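# Chains, contacts and geometry: an overview
Letter by letter, the chains look like this.
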Amino acid sequence: MDLGVRWKLHGDGRTPAPGAVVRPDERLSWPRTIGLGAQHVVAMFGASFVAPVLMGLDPNLAIMMSGVATVIFLLATRGRVPSYLGCSLSFVGVAAVIRAQGGTSATVTGAVFVVGVVLFLVGLAVQKFGARIIHAAMPPVVTGAVVMLIGFNLAPVTASTYWPTDQWTALLVMLFTGLAVVCLRGFWSRIAIFLGLVFGYGISWVLDRVFGQIHSPNSGGKAVDHWRLDLSSVGHADWIGLPTFHAPSFQWSAILVALPVVIALIAENAGHVKAVGEMTGDNLDGKLGTAISADGAASMLSTAVGGPPNTTYSENIGVMAATRVYSTAAYWAAAGFALLFGLCPKFGAIVAAIPGGVLGGITVILYGMIGLLGAQIWINAGVDLRNPLNLVPTAAGIIIGIGDVSLKFTDTFSLSGIALGTIVVITGYHALRAMAPAHLKTQAPLLDEGTSSYDEEPAGDK
């Protein structure tokens, strides 16, 4: 059985020829391949390490399971789809809502485990029936709206939790990160979030030395005097040790809040597979279902032991585009680095010490970018929001999601925010479409971003 773990040496193993690419089944020399693996880890560092902190989960376990998830993905796709699977930011809002309802870390991971199961089943369905089933249930107008409300639902978290901790540090970090994203080039622009974190640590340390402690809300929401950057736990952490594991716990209310994120994960995987296929020149359409199932299986394993869910990372697509090296050997090296980092509690303590003001500055940009990805899906698919069939359900669902509107059924069960907004968008769109006059349904069907040819079964991939 070909597991995609054998690679041919590309050229002399040093530098690709001008215009040439290192294909997924090729590699450069092992020292260069390992170096590229380290580069991929740095590229995903910012978002992938911020996410578990924002979700209240163990960052050491998150990075360890991201390495395991990457291995699962590479084996499942037989090494044909180079990708790194890191902690998904789409679940940050879900975790915040669940915790606000009194949920624990076990409740969060239990809800997300169910999402992984659903994602796995969707992948199996796509393998059998093709991507037409994705479009039938979730056309771009629906997908874009759900992604948008998931991202913008997070705005109150930044405004009420992180930004007030240290508004001036947050402002400086926001400005620096924005400049890094826009003004830097190549690999440096791909690690802008990581650079923002480093800058935030540095400026927090300087402000502590110059102005002393700050009086502001701490992690518990109580205003006290505290240092902006507190690294006291780092000195007590071991260099080598296992992360903290816990079993998931299942609550229907939490599961309903988390389920809408399935839509975002499907869109992310579809876009990733299509983008990699276009860059490598390979027809990877037949691998979409496998990629989705692999992501679901990896997320199930991670959340089963207390880690966060995982998804494909666009930052790593940027690294591949910049280096023109698509070798999956580099991702095996990246997975190895992730496993090593996960076994270093001291490293996790450094990540967990990210100052609240730094998170405030970064999440202002990060959460907004998540929401605007929904708008990008609309643009790429040519969604016409002048059509009331598209406009009405998305307008209602987005306002419900962002405003955290609730619908109470009993004293113990209600729907609100992300869950209710998603239900309104999906059911509203399909119900209105069934009743709408013919002239509102004349627009030609469009597939999701990155799935334009998935209904055509590729030759030799049956």
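Our subject is the structure listed above.
Residues numbered from 1 in each chain as written. Predicted model: local features only at pLDDT ≥ 70, side-chain atom pairs only at ≥ 80, totals over all residues. Heavy atoms only, no water.

### Some remarks on the overall build of the chain
Our working rule: Under the scheme used here, helices are H or I runs from DSSP no shorter than 4 residues and strands are E runs no shorter than 2 residues, and both carry numbers assigned from the N terminus. Radius of gyration means the value over C-alpha atoms here, while the globule rule gives 2.2 Å times the residue count to the 0.38 power. The buried label goes to any residue with under 20% of its type's maximum accessible area, the exposed label to any with over 50%, and the partly exposed label to all in between, with areas taken from a 1.4 Å probe on protein chains only. Residues are treated as being in contact if the distance between any of their heavy atoms lies within 4.5 Å. Using the Shrake-Rupley algorithm and a 1.4 Å probe, accessible areas are obtained, with residue cover drawn only from the displayed protein chains. In summary, the charge assignment counts Lys and Arg as positive and Asp and Glu as negative, without counting His or the chain termini. Charge placement uses NZ in Lys and CZ in Arg. For Asp and Glu, CG and CD serve respectively.
Scanning the chain for helices and strands turns up 20 helices and eight strands. At 22 Å, the chain has a C-alpha radius of gyration in line with the 23 Å of a compact globule built from 462 residues. Reported as C-alpha extents along the three principal axes, the dimensions of the chain are approximately 65 × 65 × 45 Å. Split into buried and exposed, the 462 residues of the chain put 54% on the buried side. For the chain, long-range pairs separated by at least 24 residues make up 79% of all intrachain contacts whose partners lie at least 6 apart in sequence. Of the roughly 19,600 Å² of accessible surface on the chain, a fraction of 65% belongs to carbon and sulfur atoms. When the 25 basic and 25 acidic side-chain charges of the chain are each reduced to a single mean position, those positions are 4 Å apart.

### Here's the deal with the packing of aromatic side chains
Rule in force here: Paired rings are identified among Phe, Tyr and Trp, the last through its six-membered ring, by centres lying within 6.5 Å, and are further divided according to the angle between planes into stacked (under 30 degrees), edge-to-face (over 60) and tilted (the rest). We count a charge as sitting over a ring when the NZ of a lysine or the CZ of an arginine lies within 6 Å of the ring centre and within 35 degrees of the ring normal.
Summed over the entire model, instances satisfying the criterion amount to four aromatic pairs. Between Phe341 and Phe347, the aromatic rings sit 4.6 Å apart at their centres with planes inclined by 25°, giving stacked as the arrangement. Residue Phe341 is classed as partly exposed on the basis of its relative accessible area, which comes to 30%. For Phe347, a relative accessible area of 16% gives the class buried. For the cation-ring pair, Lys346 lies above Trp239, with the distance from its terminal atom to the ring centre recorded as 5.1 Å.

### A short note on the environment of Tyr367
Mapping Tyr367 onto the fold places it in helix α18 (residues 356-381). Under the relative-accessibility criterion, Tyr367 is labelled buried at 2%. Through-space distance from the C-alpha of Tyr367 to that of Leu175 is 15 Å; in sequence the pair is 192 residues apart. What Tyr367 contacts, discounting residues up to four positions off in sequence, is Leu54, Val92, Gly151, Leu154, Val157, Thr158 and Tyr162.

### A few points about unusual backbone geometry
Phi is positive for Arg78, which is not a glycine, with a value near 55°. Its location among the elements puts Arg78 in the loop between α2 (59-76) and β3 (85-87). Its relative accessible area of 32% is what places Arg78 among the partly exposed residues.

### Section: the side chain of Thr165
Mapped onto the fold, Thr165 is located in the loop between α7 (155-162) and α8 (167-183). A relative accessible area of 11% means that Thr165 is categorised as buried. The contacts of Thr165, once residues within four sequence positions are left out, are Ile214, Ser216, Pro217, His226, Gly356 and Gly357.

### Things to note about the pattern of salt bridges
As a reminder of what qualifies: Should a side-chain nitrogen of Lys or Arg be within 4 Å of a carboxyl oxygen of Asp or Glu, the pair is scored as a salt bridge.
Enumeration according to the criterion identifies four salt bridges in this entry. Here Asp166 and Arg228 are joined by a salt bridge, their closest N and O atoms 3.1 Å apart. Of this pair, Asp166 sits in the loop between α7 and α8 while Arg228 sits in the loop between β5 (223-226) and α11 (232-236), placing them 62 residues apart in sequence. Residue class for Asp166 comes out buried when judged on its relative accessible area of 6%. We classify Arg228 as buried; its relative accessible area is 14%. Note that Asp384 and Arg386 form a salt bridge whose closest N and O atoms lie 2.9 Å from each other. Of the residues examined, Arg386 reaches a relative accessible area of 74% and is grouped as exposed.

### Notes on the packing of helix α4 (residues 105-129) against helix α14 (residues 288-304)
Inclusion rule: Axis definition: a line fitted to C-alpha atoms, limited for helices to the stretch in contact. Angles are taken between N-to-C directions and run from 0 to 180 degrees. When an angle is under 35 degrees it counts as roughly parallel; over 145 it counts as roughly antiparallel; between 65 and 115 it counts as roughly perpendicular; any other value is oblique. Crossing handedness: left-handed means the near helix sits turned counterclockwise from the far one by under a right angle, and right-handed means the same turn made clockwise. Think of it as three bins: nonpolar holds Ala, Val, Leu, Ile, Met, Phe, Trp, Tyr, Cys and Pro, charged holds Asp, Glu, Lys and Arg, and polar takes everything else, Gly as well.
Look at α4 against α14: their axes get within 7 Å of each other, and the N-to-C directions meet at 160°. When the axis of α4 is compared with that of α14, the two are roughly antiparallel. Every pair of crossing elements has a handedness; the one defined by α4 and α14 is left-handed. Taking contact as the criterion, the partners of Thr109, Val112, Phe113, Gly116, Val117, Leu119, Phe120, Val122, Gly123, Leu124, Val126 and Gln127 in α4 are, on α14, Leu288, Gly289, Thr290, Ile292, Ser293, Asp295, Gly296, Ala297, Ser299, Met300, Thr303 and Ala304. Here the contact of α4 with α14 is composed, by residue class, of 13 nonpolar, 10 polar and one charged.

### Some remarks on the packing of helix α13 (residues 261-280) against α14
At a minimum axis distance of 10 Å, the contact between α13 and α14 shows a crossing angle of 135°. Taken as axis vectors, α13 and α14 run oblique relative to one another. As for how α13 packs across α14, the hand of that crossing is right-handed. Together, Ile266, Asn269, Ala270 and Val273 of α13 and Leu288, Ala291, Ile292 and Asp295 of α14 make up the contact between the two elements.

### Structural notes on the nonpolar core
Defined as follows: Residues enter a nonpolar core if they are buried and are Ala, Val, Leu, Ile, Met, Phe, Trp, Tyr or Cys, with the set joined through side-chain atoms within 4.5 Å.
Counting 100 residues, the largest nonpolar core has Met55, Val92, Ile134, Leu288, Ile354 and Tyr367 as its most contacted members. The contact partners of Ile354, leaving out residues within four places of it in the chain, are Val53, Leu197, Tyr201 and Leu359. Ranked by size, the runner-up nonpolar core spans five residues in total, among them Val22, Leu28, Leu36 and Val325.

### A look at a nonpolar patch on the surface
Condition: Each patch is built from residues that are more than 30% exposed by relative accessible area and take part in no salt bridge. Like charges join if they lie within 9 Å; nonpolar side chains (Val, Leu, Ile, Met, Phe, Trp, Tyr) join within 5 Å.
On the surface, Leu385, Leu391, Val392, Leu432 and Met435 cluster together into a nonpolar patch covering about 430 Å² of accessible area. Tracing the sequence through the fold places Val392 in helix α19 (residues 388-403).

### A word on α8
Put simply, the test is: To estimate how far a helix should extend, the number of its residues minus one is multiplied by 1.5 Å. The arc in question is formed by the directions pointing from the helix axis toward the C-beta atoms.
End to end, α8 covers 24 Å across 17 residues, agreeing with the expected 24 Å (1.5 Å per residue, within 8%). Thr169, Ala170, Val173, Thr177 and Ala180 are the residues of α8 that are buried. Down the axis, α8 shows its buried residues gathered within 95° of arc, on one side only. Seen from the open side of α8, the exposed residues pointing more than 90 degrees away from its buried face are Trp168, Leu179 and Val182.

### Topic: α4
Along its 25 residues, α4 runs 36 Å from first to last C-alpha, staying within 8% of the 36 Å computed at 1.5 Å per residue. Immediately beyond the C-terminal end of α4, within one or two residues, lies Gly130, with a positive phi of roughly 90°.

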